[in-house]
Amino acid sequence: MRGYVAALLAAPLLTGCVGAVKSVVTAPVKAAGQVADWSTISQDEADRNRGRALREREERLGKLSRQRDKAAEKCRNGDSEQCQRAQILDHEIEAEMNAPY
């Protein structure tokens with residue numbers, strides 16, 4: 001009879017131990033899953049990164065185009081240095097367009 005009473009009184013204490021054992025056993029599995037999440041890129045992240053890269057490329061092309069247009073305008077006004085600059089900017093734009101993204 002005393003054994004049963006002792007077992008009933010000890011049962012609530014054992015639930016904490018069972019929980020701790022469960023935490024210790026499942027910790028490596030959870031850690032491995034977290035490492036896998038950190039080391040892989042989801043499709044959503046890949047799409048965001050691709051969109052960001054495209055926007056940055058468009059910004060660079062826009063900036064180069066504006067610079068080329070200003071240089072071409074100055075070239076038409078007789079500035080030979082700006083004619084060369086416009087040609088260089090044309091080549092930079094072409095290189096940016098042909099670069100992989």
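The structure we're discussing is the one just above.
For clarity, every value in this text was computed on a predicted model and none was experimentally measured.

### Looking at the overall build of the chain
Scanning the chain for helices and strands turns up 3 helices and 0 strands. Secondary structure elements of the chain occur, N-terminal to C-terminal, as α-α-α. Counting all 101 residues of the chain, 10% fall into the buried class. Carbon and sulfur atoms provide 59% of the accessible area of the chain, an area that totals close to 8,500 Å².

### Remarks on the side chain of Glu96
For Glu96, the position within the fold is in helix H3 (residues 80–98). Taking relative accessible area as the criterion, Glu96 reaches 16% and is therefore assigned buried. At 3.0 Å, the side chain of Glu96 and the side chain of Arg60 are in polar contact. With near-sequence residues (within four places) excluded, Glu96 lies in contact with Arg57, Arg60 and Leu61.

### Considering the pattern of salt bridges
Counted by the stated rule, this structure contains 5 salt bridges. Two residues, Arg60 and Glu96, come together in a salt bridge whose shortest N-O distance is 3.0 Å. Remark: Glu96 occurs in helix H3 and Arg60 occurs in helix H2 (residues 43–76); sequence separation between them is 36 residues. The class for Arg60 is partly exposed, based on a relative accessible area of 39%. Here Asp90 ties to Arg68 by a salt bridge, and the two come within 3.1 Å at their closest N and O atoms. In this pair, Asp90 is assigned in helix H3 and Arg68 in helix H2, connecting sequence segments 22 residues apart. The exposure class assigned to Arg68 is partly exposed, which follows from its relative accessible area of 23%.

### Topic: H3
The first and last C-alpha atoms of H3 sit 28 Å apart over 19 residues, in line with the 27 Å expected at 1.5 Å per residue. Among all positions in H3, only Gln82, Ala86, Leu89, Ile93 and Glu96 are buried. Along the long axis of H3, the arc covered by the buried residues comes to 85 degrees, so they all point the same way. Residues of H3 that are exposed and angled more than 90 degrees away from the buried face: Ser80, Gln84, Gln87, His91 and Asn98. For H3, the elements touching its buried residues are H2. N-capping of H3 is provided by Asp79, with a side-chain oxygen placed 3.2 Å from the backbone N of Glu81.

Parameters and conventions
- Numbers given to residues run from 1 along each chain, matching the order in which its sequence is written.
- For a predicted model such as this one, the threshold for reporting local features is a pLDDT of at least 70, and the threshold for listing and counting side-chain atom pairs is 80 or more; totals across whole chains, interfaces and linings nevertheless cover every residue.
- Computation of side-chain values: all heavy atoms of the structure, hydrogens and water removed.
- Secondary structure follows DSSP: runs of H or I at least 4 residues long count as helices, runs of E at least 2 residues long count as strands, and numbering of each begins at the N terminus.
- Three labels apply to residues, based on accessible area from a 1.4 Å probe with only protein chains included: buried if under 20% of the type maximum, exposed if over 50%, partly exposed otherwise in between.
- The protein chains shown are the only cover counted for residues, whose accessible areas, like all others here, come from Shrake-Rupley with a 1.4 Å probe.
- Each polar contact in these results corresponds to two N or O atoms within 3.5 Å; when the atoms are within protein, one needs to be able to donate a hydrogen and the other to accept it, and residues that are neighboring in sequence are counted only if both atoms are side-chain atoms.
- Working rule for contacts: check all heavy atoms of both residues, and any pair within 4.5 Å makes them a contact.
- In what follows, salt bridge is the name for a side-chain nitrogen of Lys or Arg lying within 4 Å of a carboxyl oxygen of Asp or Glu.
- Here, expected helix span is obtained from the residue count minus one, scaled by 1.5 Å.
- The arc in question is the one spanned by the directions pointing from the helix axis to the C-beta atoms.

Without other data, these values stay purely geometric and don't point to any function.
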